[in-house]
Amino acid sequence: MSETRKKALINFIFGLILAAGVVALEWESEYPLVHKLCDGFFVSAVLLLGCGGLKWARNAGTFDIMSYGIKAVVNVALPFLTANSEHKDEDLAAYKERKQEERKPATDLLISGGVLMAIALMLLAVYLVVY
């Protein structure tokens, strides 16, 4: 099994546990079980897809300028914190290149969140047809 599949499976199991928690919180409500399950799967799907979307945006370099700016402010305001840093004098282009090498893809979060969202949509369809 590949590393991406393992991570997607772990995220999917986390989503199932989260969905079970949401169903447990709604257990005393008067809604039917299909409605509670749909809510649980939707909440877990939105959480995983949101985290995956933010990770994808980070991988695209969306937040690089902010993190570089904070690093530059710390270098100027508190130089003793970064006195021994090997990346102390790098420019934005070198910073972006170094960060791009360290990044991991967001496919595991997006896959598991997409599967949970598909389950939530199927449960919604069942709910709308039955009730």
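To keep things clear, this report deals only with the structure shown in the data block.

Conventions we followed
Residue indices begin from 1 for each chain and proceed along its sequence in written order. Local features in this predicted model are restricted to residues whose pLDDT is 70 or higher, and side-chain atom pairs enter the listing and the counts only when it is 80 or higher, whereas totals over whole chains, interfaces and linings include all residues. As a rule here, side-chain values cover all heavy atoms of the structure and leave hydrogens and water aside. What counts as a helix is a DSSP run of H or I of at least four residues, what counts as a strand is a run of E of at least two, and both are numbered from the N terminus. Expected span of a helix, by definition, is 1.5 Å for each gap between consecutive residues, and there is one gap fewer than residues. The classification of residues rests on relative accessible area computed with a 1.4 Å probe and restricted to protein chains. Under 20% of the type maximum is buried, over 50% is exposed, and intermediate values are partly exposed. Nonpolar core, defined: a set of buried Ala, Val, Leu, Ile, Met, Phe, Trp, Tyr and Cys residues in which side-chain atoms within 4.5 Å join the residues together. Here, two residues are considered to be in contact whenever any of their heavy atoms come within 4.5 Å of each other. Salt bridge criterion: a side-chain nitrogen from Lys or Arg within 4 Å of a carboxyl oxygen from Asp or Glu. Convention adopted: a line fitted to C-alpha atoms gives each axis, helices being fitted over their contacting stretch, and angles between N-to-C directions are expressed from 0 to 180 degrees. Working rule for angles: under 35 degrees goes down as roughly parallel, over 145 as roughly antiparallel, 65 to 115 as roughly perpendicular, anything else as oblique. By convention the crossing between two helices is left-handed if the near helix lies anticlockwise of the far one by an angle smaller than a right angle, and right-handed if it lies clockwise. Polarity classes work like this: nonpolar for Ala, Val, Leu, Ile, Met, Phe, Trp, Tyr, Cys and Pro, charged for Asp, Glu, Lys and Arg, and polar for all others, with Gly in that last group. In summary, the pairing rule links any two rings of Phe, Tyr or Trp, Trp by its six-membered ring, whose centres are within 6.5 Å, and it sorts them by plane angle into stacked for under 30 degrees, edge-to-face for over 60 and tilted for everything else.

On to helix α2 (residues 33-59). The end-to-end C-alpha separation of α2 is 39 Å, in line with the 39 Å expected for 27 residues at 1.5 Å each. Residues of α2 that are buried: His35, Lys36, Cys38, Gly40, Phe41, Ser44, Ala45, Leu48, Gly52, Ala57 and Asn59. With its phi angle positive at about 95 degrees, glycine 61 sits one or two positions after the end of α2.

Attention now moves to the nonpolar core. Generally speaking, soluble globular proteins have nonpolar side chains that are buried together. Phe12, Ala19, Cys38, Phe41, Ala45, Leu48, Leu109, Leu116, Met117, Ala120 and Leu123 together form the largest nonpolar core, which totals eleven residues. Here this core takes five residues from helix α5 (residues 107-130), the largest share from any one element. Setting aside its immediate chain neighbours within four residues, alanine 19 contacts Gly40, Phe41 and Ser44.

We now examine the pattern of salt bridges. Here the structure, examined in full by the defined rule, presents five salt bridges. Among the ionic contacts, a cluster of salt bridges with common partners joins Lys71, Glu90, Arg98, Lys99 and Glu102.

Further remarks concern the packing of helix α1 (residues 3-25) against α2. A packed helix pair is summarised by two numbers, namely the angle formed by the two axes and the spacing between the axes. Remark: α1 packs on α2, axes separated minimally by 8 Å, with the N-to-C direction vectors making an angle of 135 degrees. With respect to each other, α1 and α2 are oriented oblique. Note on packing geometry: the crossing formed by α1 with α2 is right-handed. Facing α1, whose interface residues are Asn11, Phe14, Gly15, Leu16, Leu18, Ala19, Val22 and Val23, α2 presents Lys36, Leu37, Asp39, Gly40, Phe41, Val43, Ser44, Leu47 and Leu48. In the contact of α1 with α2, the residues fall into eleven nonpolar, four polar and two charged.

A word on the packing of aromatic side chains. Tallying each qualifying case throughout the model produces two aromatic pairs. A centroid spacing of 5.4 Å and a plane angle of 55 degrees characterise the contact between tyrosine 68 and tyrosine 95, whose relative ring orientation is tilted. Taken together, the positions of tyrosine 68 in helix α3 (residues 64-77) and tyrosine 95 in helix α4 (residues 92-102) put the pair 27 residues apart, joining distant regions of the chain. Across this residue pair, the class does not change: tyrosine 68 and tyrosine 95 are buried. Ring geometry for tyrosine 127 versus tyrosine 131: centroids 5.4 Å apart, planes at 35 degrees, classification tilted. A relative accessible area of 57% places tyrosine 131 in the exposed class.

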